[in-house]
Every structure is written in C-alpha cells, then in structure tokens.
Amino acid sequence: MQTINIHQAKTQLSRLVERAAQGEPFVIAKAGKPLVKVMALNAPEAGQRRRLGFMAGQIAVPDDFRPDGRRGDRAAVRWRGVKLLLDTHLLLWAAGEPGRLSAEARASIEAPENELLFSAASLWEIAIKRGLGREDFRVDVRLLRRGLLDNGYGELPVGSEHAVAIDGLPPLHKDPFDRLLVAQALVEGVTLLTSDERVAQYPGPVRKV
C-alpha cells in the first residue's frame, strides 16, 4: 500500500481519491508517521471477505479465453493447509463466475486452512487480453487486483528467479504465462491449480481441478 506525505496528498488529492475509489487505497503520513488510511467505502471488512464470487456481474470470460482440456470426473479433493496458486482462468472464474468451477476446485479454494495466491503474471495476461478490445472479455484489472487482496488472496510478484526457471521446463506448450506460473510454483514450493490438461502435464506441484 502506498504511503503519501501530507503535502503531496494536498497537491494530488483529487487523483489519489480517484485511485482509491478504483481499489488502490493509500496512507497519508506526517513527518514520516502514518496518520490516516484512505480507501473505497465498499472495501470489505475482514469478516466480510469472500473467496468466491466477489466480482460477480463485473467479469465476463469467454469460453475460448484460453483453450482448456476436458475436466476429469474425479471426486472432489481438498489439499489441506497448503499454499495454492490459481492459474489465470481459475482466478477469473473464482472472482466473477464461480459456478464454472469444478467441485474439486471449489473445495480447494473454499477450504479456510489453504492460503490462496495470485500471480502478477496473471494480471499482466488479463491486461494484455483486455487491451485487445474483445467485446466478450470484460474485466477491470485494477478492480480485480483490489478485490483479490481485499478478500484474502496473496500477491506473488514475478522475480528474476522465476524467469530463469522457465529455461528448465520441458517444451509442452508455448503459452508464456502458463510457463511462468509453473516456474513460480516450482521456485516458491506452492501448488499451482489449473483446469488445463496441458499445464497439468508439467512436472512438479501442478494439480488439475
């Protein structure tokens, strides 16, 4: 969260308030000491957080956003007490269209003992695809990021260690964002959840749900 000194807040108040309303809160400090936090009125309190459907009606995701494999018929499995990194497609479904998630995915995401993560790479992918101007793909990436953070998802930045780890992955498919997510899961020791059969073929902590 950004911290702004009181003089800067006075000169840029209109712009800062507009950004806060779009889901980017900030703290005003005086003499280096935080004084107040400015955030949108509709930001959820800790007890109001929802892991699923917190942006229902604000997201539209076409079926061909990314080609996916067929879902299996396995019974729902819950991985208890683990860190789960959601791939981009699951992230969008969880936020805006949770009815499209499999029972297995819902069980894993809703388990309170699991820690949920999203990658900066997923937001990058969404921003690029939104910029292509597809009418059937509708999502405000700023609001999505704020909604994820407000509802208990942790953000996983992209670092150089993740980038170089891509070099060791087998050439199973060419999607650069998928490969980066797999590399992040390997480096960070977290489980990547995906609905894509091709992604699930990568070695390491990848689970198809």
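Relevant structure appears above.
Residues numbered from 1 in each chain as written. Predicted model: local features only at pLDDT ≥ 70, side-chain atom pairs only at ≥ 80, totals over all residues. Heavy atoms only, no water.

**Some details on the overall build of the protein**
Rules: Counting from the N terminus, the helices are DSSP H or I runs at least four residues long and the strands are E runs at least two residues long. Here, residues are in contact when the closest pair of their heavy atoms is within 4.5 Å.
Within the protein, the secondary structure is distributed over 9 helices and 8 strands. Long-range contacts, defined here as pairs at least 24 residues apart, represent 68% of the contacts in the protein between residues at least 6 apart.

**Looking at the pairing of strand β3 (residues 33-38)**
Stated precisely, the cut-off is as follows: Any residue under 20% of the maximum accessible area for its type is buried, any over 50% is exposed, and the rest in between are partly exposed; the area is computed with a 1.4 Å probe on protein chains only. Being paired, for any two strands, means DSSP has found at least two bridges between them.
When you tally the buried positions in β3, you get 0 out of 6 residues, a small fraction of the element. When strand β2 (residues 26-30) meets β3, the two strands line up antiparallel, connected through 5 bridges. Residue pairing for β3: K30 is matched across the bridge by K33. In this structure, the hairpin formed by β2 and β3 is closed by a connection of 2 residues, where A31 is found at a positive phi of approximately 55°.

**Concerning the pattern of salt bridges**
The condition is simple: Every case where a carboxyl oxygen of Asp or Glu lies within 4 Å of a side-chain nitrogen of Lys or Arg is listed as a salt bridge.
In this structure the tally under the stated criterion is 6 salt bridges. Ionic pairing is found between R146 and D150, a salt bridge with its closest N-O pair at 3.1 Å. With R146 and D150 both in helix α6 (residues 141-150), this residue pair falls 4 residues apart, about one helical turn. A residue is classified by how much of its surface remains accessible, and R146, at 15% relative accessible area, is buried.

**So, the packing of aromatic side chains**
Keep this limit in mind: Any pair of Phe, Tyr and Trp rings, taking the six-membered ring for Trp, is counted once the centres come within 6.5 Å. Such a pair is stacked with planes under 30 degrees apart, edge-to-face with planes over 60 apart, and tilted for the rest.
Per the counting criterion, the structure on display carries 1 aromatic pair. Centroid distance W124 to F177: 5.5 Å. Interplanar angle 90°. Geometry classified as edge-to-face. Residue W124 is found in helix α5 (residues 120-131), and its partner F177 is found in helix α8 (residues 176-188); the two are separated by 53 residues along the sequence. Judged by its relative accessible area of 13%, F177 falls in the buried class.

**Some points on the sheet that holds strand β8 (residues 206-208)**
Quick note on the threshold: A fitted line through C-alpha atoms serves as each axis, taken over the contacting stretch for helices, and the angle formed by two N-to-C directions is quoted from 0 to 180°.
Here 5 strands make up an open sheet; going across it, the order is β6-β5-β4-β7-β8 and the pairing parallel. The sheet terminates laterally at β6 (154-156) and β8, the two strands that pair on one side only. The average undirected angle you get between the axes of adjacent strands in this sheet is 35°. Two elements, strand β7 (residues 191-194) and β8, share 3 bridges in a ladder whose sense is parallel. From the neighbouring strand, T194 faces β8, where its bridge partner is K208.

**Let's talk about a nonpolar patch on the surface**
Under the convention used in this document: Patch building starts from residues that exceed 30% relative accessible area and form no salt bridge, then joins like charges within 9 Å and nonpolar side chains (Val, Leu, Ile, Met, Phe, Trp, Tyr) within 5 Å. Using the Shrake-Rupley algorithm and a 1.4 Å probe, accessible areas are obtained, with residue cover drawn only from the displayed protein chains.
On the surface, I6, L35 and V36 cluster together into a nonpolar patch covering about 240 Å² of accessible area. Relative to the elements of secondary structure, L35 occurs in strand β3.

**Quick notes on α8**
Since one α-helical turn is 3.6 residues long, residues separated by three or four positions face the same way. Definition in use: A helix is expected to reach a length of 1.5 Å times the quantity of its residues less one. Between N or O atoms, a polar contact is any pair within 3.5 Å; within protein, one atom must be a potential hydrogen donor and the other a potential acceptor, and residues adjacent in sequence are included only when both atoms are from side chains.
Helix length check: α8, at 13 residues, gives a terminal C-alpha distance of 18 Å against a target of 18 Å (1.5 Å per residue), a fit within 8%. The residue sitting at the N-terminus of α8 and contributing the capping side-chain oxygen is D175; that oxygen lies 2.9 Å from the backbone nitrogen of F177. With its phi angle positive at about 70°, G189 sits one or two positions after the end of α8.

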